[in-house]
Amino acid sequence: MPTPFLSSEEYDERAHQLYNEGKYDEALVILREGLALYPNAVELHVGVGYARLAREEFAWARRSFEEALVLEPEHEDGLAGLGETLLKFGQMAAALRCFQRTLELGYTDDLDLMLQIGRTLFREGSLRDDKSLFAEAQTFFEVAAEQSTDSAEPVACVGYALHRLGDDEAAIRKLRQALQLDKEHAEARIYLANILYDRSEFEAALYHFERTSPDDHWDELGIWRLIELKRSLHKLDDDDPDLKPWDARLTELSGTLDDVDELLMALDPSRDELAEESDHARGQLELFGAMLSELVELKEGEPQSALDVDLAGPEVDPGIAAHRVHTRDGRTYHGSWPEIVRELRDADAGFRGRSIEEYMRRTATRCYSETGVRVPSHDPEGFLRGIATAGFIRIER
């Protein structure tokens, strides 16, 4: 039964706390209870919309945001939420109009809102591999950076967008600027390290990787690279104590189960995945360790000042960025990591027309069920290296 002595603001506050804890079902119960008493409370409708979004109930989320905007057409969170929902339905123009409206209404000084919209556009751009969305994200990140000149987060976000737009030089400058504002900004440091690694600036990449802790990493790719760089540049053995915390974190991240993994385990309870986890992680490292060692050896003997190790290196031939993989049926694909994943998806008749995200997720699940190898399903490079470890493809470069 509803408790009438609570105000709509109190219902909203309780639901917001549950939402932040990831308890979306419980938050929805509180919001419905509040709406039964206060059907015109805009904040409660908006709260329902975001809870529905978190549960991927996009049609219901859209209805809640639209109901909120009927009551208050200029509600900033309602506009941002509706825009995000419209992106899920592929209605780009309508979504961008919602986001643009927040600028027209003067919400540019709302740092959290600008970052939220920017991240929404960036995330959707990553799922769709759509540069136009990265450009839109950059606009909102830059607005946030202009409004908060002493904050590292919006500056770093501008750097992320510039990288996805192909301007690595500008991205590196922005990420370094963010680190000048906040040297403890681990996400910016890890992102910068990965860009430098991709440019074959291994010493500079390791410089930044080593200034992070294992708990700063929520993605396996950065840890694989850090471990391999330590082994190659510092000549560490596999069992060196300096690598143990990183190996442990890699195992911890690789051991995180999603609903599909848990279902597979229930169907195959005899699999002793914990005993194999370390071997899989180590096998992933061996996949490209030899190649990296060769590149490092080629660079040995080149003079480099310790004071310059954090500076950008020489220009890299754009052709080096192209990769080539071979499938078991004799086909060859080349291009950037995202381009290769897209080509593999298009070559699979069962996934044509589906999202890259779904293709990587389902292929990773199939890989685990057939071979026991865990494959990252959210990063194109990590995904391809993972299925290579499982023997589905061979990476030439």
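Look above for the structure.
Read on for a plain summary of the structure. (Residues numbered from 1 in each chain as written. Predicted model: local features only at pLDDT ≥ 70, side-chain atom pairs only at ≥ 80, totals over all residues. Heavy atoms only, no water.)

A separate point is the packing of helix H9 (residues 152-164) against helix H10 (residues 168-181). Orientation of H9 relative to H10, taken along the N-to-C sense of each, is 165°, at an axis distance of 8 Å. The angle between H9 and H10 falls in the class roughly antiparallel. The handedness of the crossing between H9 and H10 comes out as left-handed. Of H10, the residues touching H9 (which contributes Ala152, Val155, Ala156, Val158, Gly159, Tyr160, Leu162 and His163) are Asp168, Ala170, Ala171, Lys174, Leu175, Gln177, Ala178 and Leu181. Tallied by class, residues from the contact of H9 with H10 come to 11 nonpolar, three polar and two charged. (Axes fitted to C-alpha atoms, helices over the stretch in contact; angles between N-to-C directions. Helix = DSSP H or I, 4+ residues; strand = E, 2+ residues; numbered from the N terminus. Parallel < 35°, antiparallel > 145°, perpendicular 65-115°, else oblique. Left-handed = near helix turned anticlockwise from the far one by under 90°. Contact = heavy atoms within 4.5 Å. Nonpolar A, V, L, I, M, F, W, Y, C, P; charged D, E, K, R; others polar.)

The residue Leu82 is located in helix H5 (residues 76-88) in this model. Separated by 13 residues in sequence, Leu82 and Leu69 have C-alpha atoms that sit 9.0 Å apart. The contacts of Leu82, once residues within four sequence positions are left out, are Arg62, Phe65, Glu66, Leu69 and Cys98.

Going through the model one piece at a time under the given rule, you end up with 24 salt bridges. One salt bridge connects Glu124 with Arg128, and the closest N-O pair in it is separated by 3.0 Å. One end of the pair, Glu124, and the other, Arg128, are both in helix H7 (residues 111-128), four residues apart, so they sit about a helical turn from each other. With relative accessibility at 36%, the residue Arg128 sits in the partly exposed group. Linking Glu169 and Arg199 is a salt bridge whose minimum nitrogen-to-oxygen distance equals 3.1 Å. Of this pair, Glu169 sits in helix H10 while Arg199 sits in the loop between helix H11 (186-198) and helix H12 (202-209), and the two are 30 residues apart along the sequence. For Glu169, a relative accessible area of 27% puts it in the partly exposed group. (Salt bridge = Lys/Arg side-chain N within 4 Å of Asp/Glu carboxyl O. Buried < 20%, exposed > 50% of the residue type's maximum accessible area, 1.4 Å probe, protein only.)

For Arg225, the location among the structural elements is in helix H13 (residues 220-233). Side chain to side chain, Arg225 and Asn194 meet in a polar contact 2.9 Å long. A polar side-chain atom of Arg225 sits 2.7 Å from a polar atom in the side chain of Asp198. Setting aside residues no more than four positions away along its own chain, Arg225 makes contact with Asn194, Tyr197, Asp198, Phe209 and Glu381. (Polar contact = N/O pair within 3.5 Å; in protein donor to acceptor, adjacent residues only side chain to side chain.)

Take the side chain of Thr363 next. Looking at where Thr363 falls in the secondary structure, it is placed in helix H18 (residues 356-371). The class of Thr363 is buried, set by a relative accessible area of 7%. There is a polar contact of 2.7 Å between the side chain of Thr363 and the backbone oxygen of Tyr359. Contact partners of Thr363, with chain neighbours within four places excluded, come to Phe383 and Ile387.

Counting residues in each nonpolar core, the largest one holds 70 residues, and the members touching the most others are Met114, Ile117, Leu121, Phe141, Tyr160 and Leu175. Not counting the four nearest positions on each side in its chain, Tyr160 is found in contact with Phe122, Leu175, His185, Glu187, Ala188 and Tyr191. Val341, Met360, Ala364 and Ile387 belong to the second-largest nonpolar core, a separate cluster that totals 21 residues. (Core = buried A, V, L, I, M, F, W, Y, C linked by side-chain atoms within 4.5 Å.)

This next bit is on the packing of aromatic side chains. Scanning the model with the defined rule gives eight aromatic pairs in all. In this structure, Arg62 packs its charged tip against the face of Phe89, placed 5.7 Å from the ring centre. If you follow Arg211 out to its NZ or CZ, it ends over the ring of Tyr207, 3.6 Å from the centre. (Phe/Tyr/Trp six-rings, centres within 6.5 Å; stacked < 30°, edge-to-face > 60°. Lys NZ or Arg CZ within 6 Å of the ring centre and 35° of its normal.)

A large share of strand S1 (residues 323-327) lies buried, amounting to four of its five residues. Strand direction decides the pairing type here: S1 and strand S2 (residues 332-335), joined by four bridges, are antiparallel. In the sheet register, Arg324 faces S2, and the bridge partner there is His334. Connecting S1 to the next strand, S2, in antiparallel fashion are four residues, including Gly330 with a positive phi near 90°. Pairing between S1 and strand S3 (residues 393-395): three bridges, direction antiparallel. Bridge assignment links Val325 to a residue of S3, and that residue is Ile395. (Pairing = 2+ DSSP bridges.)

On their own, these measurements won't tell you what the molecule is for.
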